[in-house]
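Examining the three-dimensional arrangement
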Amino acid sequence: MKFLRRGASRHATGRRGERLAARYLRRNGLRVLQRNLHLGHDEIDLLAQDRSGTLVLVEVKTRTTTRYPIESYVDGRKRAHMIRAARALLATTAYQQRGIRFDVVTVDLTERSPTIRHWPNAFDAG
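Quick look at the structure, then. (Residues numbered from 1 in each chain as written. Predicted model: local features only at pLDDT ≥ 70, side-chain atom pairs only at ≥ 80, totals over all residues. Heavy atoms only, no water.)

Let's talk about the overall build of the protein chain
What counts is decided by this rule: In DSSP terms, a helix is any run of H or I states spanning at least four residues, a strand is any run of E spanning at least two, and both are numbered starting from the N terminus. Relative accessibility thresholds used throughout: buried, under 20% of the residue-type maximum; exposed, over 50%; partly exposed, between the two (1.4 Å probe, protein chains only). Contacts between residues were defined by any pair of non-hydrogen atoms, one from each residue, lying within 4.5 Å. Note that accessible areas follow from Shrake-Rupley with a 1.4 Å probe, and for residues the cover is restricted to the protein chains shown.
Scanning the protein chain from terminus to terminus reveals two helices and five strands. Mapped from its N terminus to its C terminus, the protein chain presents α and β elements in the order α-β-β-β-α-β-β. Counting only residues that meet the buried cut, the protein chain has 39% of its 126 residues in that class. Partitioning the intrachain contacts of the protein chain with sequence separation of at least 6 by distance along the chain shows that 51% fall at a separation of at least 24. In the structure as shown, the protein chain presents an accessible area of about 7900 Å², 45% of it carried by carbon and sulfur atoms.

Written out as structure tokens, the structure reads:
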């Protein structure tokens with residue numbers, strides 16, 4: 001069951017999910033530094049910082065159907081893109097010598113109210 005208006009594009013759905021995820025992270029003590037940060041061919045949905053100063057690279061997954069488990073959307077290929085983006089980010093002067101972690105935030109829009117779940121340290125670069 002969908003509660004999005006008909007014809008809402010995947011892009012608009014993704015933007016809505018990112019807005020909801022950013023608000024959720026701010027309410028839970030993270031500082032959102034940038035949205036949709038492009039590094040070469042890779043993109044970081046949200047770049048945040050936790051209270052300890054660690055950079056948090058966040059992949060946001062938004063769904064409007066229950067066809068697949070939302071947790072399965074961050075596969076090995078997506079993790080590799082995020083790790084490559086993290087290396088490019090850490091090579092910039094502004095972010096050298098910073099600790100990083102990879103989080104995933106899922107936004108489920110299949111019910112009347114969005115359900116947001118946050119997985120800190122969802123995977124590592126190792």
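Here's the deal with the sheet that holds strand E1 (residues 31-39)
Selection rule: One bridge is not enough; two strands pair if DSSP finds at least two bridges between them. Convention adopted: a line fitted to C-alpha atoms gives each axis, helices being fitted over their contacting stretch, and angles between N-to-C directions are expressed from 0 to 180 degrees.
An order of E1-E2-E3-E4-E5 is seen for the five strands of this open sheet, with the pairing classed as mixed. Single-partner strands in this sheet number two, and they are E1 and strand E5 (115-123). Each strand axis lies, on average, 30 degrees off the axis of its neighbour in the sheet, ignoring direction. Here E1 runs beside strand E2 (residues 42-49); their pairing, made up of seven bridges, is antiparallel. In the sheet register, Leu39 faces E2, and the bridge partner there is Asp42. Docked against the sheet, helix H2 (residues 76-90) engages E1, E2, strand E3 (55-63), strand E4 (100-108) and E5, running at close to 145 degrees with respect to E3.

A look at the environment of Arg31
Checked against the element boundaries, Arg31 lands in strand E1. For the pair formed by Arg31 and Val56, sequence separation is 25 residues and the distance between their alpha carbons is 9.4 Å. Ignoring any residue separated from it by four or fewer positions in sequence, one finds Arg31 in contact with Leu47, Ala48 and Gln49.

Things to note about the side chain of Arg63
Counted only if it meets this: Any N or O atom pair separated by 3.5 Å or less is treated as a polar contact, with the protein-specific requirement of one donor-capable and one acceptor-capable atom, and with residues adjacent in sequence counted only for side-chain atom pairs.
By the secondary structure assignment, Arg63 is in strand E3. Side chain to side chain, Arg63 and Asp108 meet in a polar contact 2.9 Å long.

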